[in-house]
Amino acid sequence: MRIGILGPLQIAGAAVGGARVRALLIRLALDPGRVVTNDRLIDDLWPGEPPEHPMAALQSLVSRARREAPGLISSHPSGYLLDVPADEVDAWAFERLARAGDAHAALALWRGPALGGIDLPFALAPAARLEELRLAALASRIAADLTAGGDVVAELEELVAEHRLREPFHALLMRAMVADGRRGQALEVFERIRARLADELGVDPGAELREAHLAALRDEEPEPRSNLPARLTSFVGRSDDVARIRALFVGHGDDVARIRTRFVGRGDDVDRIPAGVRLITLVGPGGAGKTRLAVEAAATLRVPDGVWLVELAPAAGVRAALEAVFKTSDLVRALRGTSPVIVLDNCEHLIDEAARVAQWLLGEVAGLRVIATSREPLNIPGETLHPVLPLAEEPAVELLRDRAAAARPDLSPDPAEAARICRELDGIPLAIELAAARLRTMPMSVLVEQLGDRLGFRGSRTSEPRHRTLRAVIDWSWDLLSPEERELLRGLSVFSGGATAEAIGRVCGGDLDLLSSLVDKSLIALSGDRYTMLETIRQYVTGDLPEIRQAHARYYAELAEAAEPHLRTGEQVRWLAVLDTEQGNLDAAFRHSDDPLRIILPRMWPWIMRGRRHEVIANATAALRTVGDVPPEGRELAHGLCMMAAMGAEPSRAVRESDHPAALHSWAMGIAMGPPRDVVALTEAAAQRLGDHPDTWTRSTALLVAGIVRFEYGAVHGAESLLEPALDGLRRTGDRWGQWAAYFWLSLAAENRGDFARALALAKEPEPIATELSGLGAPLGPMMFLLRLSQLMMRTGDHAGAATTLERAWQAALRSEDALTIARVTHARAELARRSGDPGEAARLLRGALGMDIDAPPQFRAFMNVELARVAEPAEPSRRALELMATCEDRTARATVLEGVAEHRDPLMAAELLGAARVLRGITESADPFVVALAGRCRAALGDERYAEALVRGAAIANPERHALSSP
């Protein structure tokens, strides 16, 4: 292990001194390979008493830790991380081994109190959890030693003295004493713990202690009676499932409150336990691991009358044998008065017979409990279902790594590739095991390419035929379906991301009874109001279904068209959520539609609203590949918009004369992609043409877009006269996005004058709107709102508020998974670092953002270079910023760059650049403190007359960027 925290902190090859440095490394080791945010680290390392300058203190602490333990800590824009695999931290390896049942190996890693014995609040819960795992592993190891004939009495006597109320240790001690011929002492141990439990907790001994007591009274340790198979491989990722199944059965006749104390963290499950559970059916798709879970759960039960596995799948003639065997009167008489557990495995192909037998036995034998496994419920009275779902990503990756190590011990799977494999295999344990076996003969990268052929992955030679390939697993379920169920299941394969019952009925024609039957058979699932299908099953049933695919395309085109009017009202957020939910289906409908322009038109406006520029371009390009350069009749508007987006074409007549939302906002889209010629004249004409439009939203949006274009490319000072009435109208319609955009650009207009206080007030106005949009994961609105707010806060001196807001922007950017969005926030973090006195960190962040492979607008790249010039050698980034702006038409962006470059030039050139910036901004004097200070320095150096002359010269320069580039 490179990192040891199960005892005093140990770092391989390093000696770490200083309590705070050790605490930092231990805190990072609790989340190896994951970013711990700066705020979280500050709160955890200085609880209740943060230093005066927390970020500076944290950075200093990280620097010390890096000197003492080099190569372990990596930086991230939002914090720091311990850059090692989880298995190289002993606590993580310990937990994995303990949960896999390898108690000896787990305990060998323990060196002392967990987390180095530090007593900071962040360490208390993890330390307690690890200690609880240690005690459970210790009990498991001692039980194994006792079974093997080891002398464990002395060790157990020490443990019961230290843990006075821990029942498992007392039960083990009693059994050890009985095995050593000390029955009387074992009974004394029981009386002592019984009295303590009654006096201190007011409860009776649990089942494990009572069983040990009975064994002592009989002067024998009962041998487990079972025909369960021995474990051949580790059991991964189902500990919560085992806990719930145990709780359901242990709850039969026991005190539920006591169960809650034994299953820490499972209180919600325990509260739902019905009284007297006697039949649990594990249901789930093929390959999910139902049999393995049933055997593992059954093996944890201490049942004096035995746990018996009845395998239904392989038995020849089992249908006839079931009733003949289980309905034998002699068997029933033998079972009466006993309390065995029977595992009925693989009931689905004999579901009716298995259900009758289970109900009959449970009715005849009062103490019997049954665990059934099936791909559909038995559907009899008293049945409690336990869904066996695909594994979540973390346990799925753990299973892949474990099985890969068995197939190829020298392999260390790449975490990202392992996670991708598990996701694409739906987290199905059998699929993961079959894939891991292939790593014996191929690299991970090749396996990833083979995932499309997953149905042919083969298992071991001794596997049952139905488990040797994924295709055979699904064959087992497919063969049990009726023709109508098969037809519906095939039809469901055209949906992506699930579908509602209404959509399925319209597209496939299936009724609710058929849908319910497929859910019961674990071939599809019901999540909320949507029916979903695993990708593995989709691959199995997908076929050539042209009619159903076109019906699917028509249905979702109609849905997009129905949603569009609502996106201009107070229902905008709700309908955006509908479109988000159906995005997979909308994308699929577009791909296989005979009329892609129909479906792309109502989607343009939502894409633009969300800032999904790449989706606009990609889908427009795909549509044009299908329909060509000549617009089909009736699709002229959609075709013109696609030509603008994909080809950079000038607006067609259909676009110029349309009042469709996507046409109105095509100007805003064009700004981001490179504006068309005469963009100001075109938008002003559209606003005038639509000034008397009967629809308030259309009139207001035309004003909004014209105001944005005027600010960017026209008479900047006149933008507010358009934006203010636009905002008023959009408030009346309830359009949240439009209101946010109007506030945003009004704030920019105030900032252009240098009025940061007014700009900040306007930027704060749409916070409730941004919060609503952020709930949908919309990256543009919330992120830009937060980003703008943080930048204005830092420019008015509120660095603490800026840092808090910027962290929220960072989280929104990460959720967007958009590189340009992440780069924008990184730029703002760099500015804050500079203003907070850390130019080195600012330079590091900027270089990282500039090095990202992103399709960024020239304005943004120029801004980053201007910022870099302030914290590094300015010549090269200043030159690059000027080059980027030399052909740009964005007047305020050009002004910002000229002001930034002027900071590094001689007073005469600086004054000329300030004069040019004033003209571009459409103002006579800026209130920006930075510009005011720079102007003051120039005036002081040049004198009032020469300064004024330089301003006039600068205002007359046709291309000030070229002028600055040609001067030293």
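Since the model is a prediction, treat every value here as computed from it, not as a measurement.

(A) Geometry of the overall build of the chain. When its secondary structure is counted, the chain shows 52 helices and 12 strands. Counting every position in the chain, which comprises 968 residues, the buried fraction comes to 53%.

(B) Geometry of the sheet that holds strand 5 (residues 79-82). The antiparallel open sheet is built from three strands, whose spatial order is 3-5-4. Each of the sheet's edge strands pairs with one partner strand only, and the pair in question is strand 3 (36-37) and strand 4 (73-76). Relative to strand 5, strand 3 runs antiparallel, the two sharing two bridges. Within the sheet, the bridge partner assigned to Thr 37 lies in strand 5 and is Gly 79.

(C) Representation of unusual backbone geometry in the model. At Asp 426, a residue that is not glycine, the phi angle is positive and equals roughly 65°. Topologically, Asp 426 is positioned in the loop between helix 19 (415-424) and helix 20 (429-438). For Asp 426, a relative accessible area of 16% corresponds to the buried category. The backbone of Ser 522 shows a phi angle near 60°, a positive value even though the residue is not glycine. Topologically, Ser 522 is positioned in the loop between helix 25 (512-520) and strand 11 (525-527).

(D) The arrangement of the pattern of salt bridges in detail. For the coordinates displayed, the defined rule picks out 52 salt bridges. Taking the shortest distance from any N to any O, the salt bridge between Arg 879 and Glu 876 comes out at 2.3 Å. Remark: Glu 876 and Arg 879 occur in helix 47 (residues 875-885); sequence separation between them is three residues, near one turn of the helix. With a relative accessible area of 32%, Arg 879 lands in the partly exposed category. Judged by relative accessible area, which is 45%, Glu 876 ranks as partly exposed. Salt-bridge contacts for Glu 899 lead to Arg 921; the nearest nitrogen and oxygen are separated by 2.9 Å. Separated by 22 residues along the polypeptide, Glu 899 in helix 48 (residues 891-902) and Arg 921 in helix 49 (residues 907-921) bring together distant segments of the chain. With respect to class, Glu 899 is no different from Arg 921; both count as buried.

(E) Up close: the nonpolar core. Formed by 107 residues in total, the largest nonpolar core has its most connected members in Leu 489, Leu 492, Phe 495, Tyr 556, Ile 600 and Leu 704. Not counting residues up to four positions away in its chain, the partners in contact with Leu 704 are His 665, Leu 723, Ala 726, Leu 730, Trp 737, Gly 738, Ala 741 and Ala 742. Ranked by size, the runner-up nonpolar core spans 47 residues in total, among them Ile 3, Trp 46, Val 84 and Leu 115.

(F) Region of interest: the sheet that holds strand 10 (residues 383-387). The strand order across the open sheet formed by five strands is 7-8-9-6-10, and the pairing between neighbours is parallel. Across the chains shown, the open sheet's two edge strands, defined by having one partner strand only, are strand 7 (307-311) and strand 10. Taken over all neighbouring pairs, the strand axes of this sheet differ in orientation by 20° on average, direction set aside. In the sheet, strand 8 (residues 341-345) pairs with strand 9 (residues 369-374) via four bridges, with the strands oriented parallel.

(G) Layout of the packing of helix 46 (residues 858-869) against helix 48. For the pair helix 46 and helix 48, interaxial distance at closest approach is 10 Å and the crossing angle is 15°. Taken together, helix 46 and helix 48 sit at an angle that is classed as roughly parallel. Both helix 46 and helix 48 take part in a crossing whose hand is left-handed. Residues Gln 859, Ala 862, Phe 863 and Val 866 of helix 46 touch helix 48, and the partners they reach there are Ala 893, Thr 896, Val 897 and Gly 900. Grouping the amino acids of the contact of helix 46 with helix 48 by side-chain chemistry returns five nonpolar, three polar and no charged.

(H) Examining the side chain of Glu 912 more closely. Mapped onto the elements of the fold, Glu 912 is located in helix 49. Contact partners of Glu 912, with chain neighbours within four places excluded, come to Ala 950, Arg 953, Gly 954 and His 963.

(I) View of the confidence of the model for the chain. When pLDDT is averaged along the chain, the result is 83; 89% of the residues meet or exceed 70. Throughout residues 251-275 the model reports pLDDT below 50, and contacts reaching past four residues in sequence, or to other chains, amount to 34 contacts.

(J) Focus on the side chain of Thr 826. Examined against the element boundaries, Thr 826 turns out to sit in helix 44 (residues 819-835). In this structure Thr 826 comes out as buried when scored by relative accessible area, which is 4%.

(K) Representation of the packing of aromatic side chains in the model. Evaluated as defined, the whole model comprises 10 aromatic pairs. These aromatic residues form a ring-pair network of at least three members: Trp 605, Trp 697, Phe 711, Trp 737, Trp 740, Phe 744 and Trp 745. Lying over the aromatic face of Trp 697, Arg 568 brings its terminal NZ or CZ to 5.6 Å of the ring centre. Just above the ring of Phe 860 sits the side chain of Arg 824; from NZ or CZ to the centre is 5.0 Å.

Calculation notes
Residues numbered from 1 in each chain as written. Predicted model: local features only at pLDDT ≥ 70, side-chain atom pairs only at ≥ 80, totals over all residues. Heavy atoms only, no water. Helix = DSSP H or I, 4+ residues; strand = E, 2+ residues; numbered from the N terminus. Buried < 20%, exposed > 50% of the residue type's maximum accessible area, 1.4 Å probe, protein only. Pairing = 2+ DSSP bridges. Salt bridge = Lys/Arg side-chain N within 4 Å of Asp/Glu carboxyl O. Core = buried A, V, L, I, M, F, W, Y, C linked by side-chain atoms within 4.5 Å. Contact = heavy atoms within 4.5 Å. Axes fitted to C-alpha atoms, helices over the stretch in contact; angles between N-to-C directions. Parallel < 35°, antiparallel > 145°, perpendicular 65-115°, else oblique. Left-handed = near helix turned anticlockwise from the far one by under 90°. Nonpolar A, V, L, I, M, F, W, Y, C, P; charged D, E, K, R; others polar. pLDDT = per-residue confidence, 0-100. Phe/Tyr/Trp six-rings, centres within 6.5 Å; stacked < 30°, edge-to-face > 60°. Lys NZ or Arg CZ within 6 Å of the ring centre and 35° of its normal.

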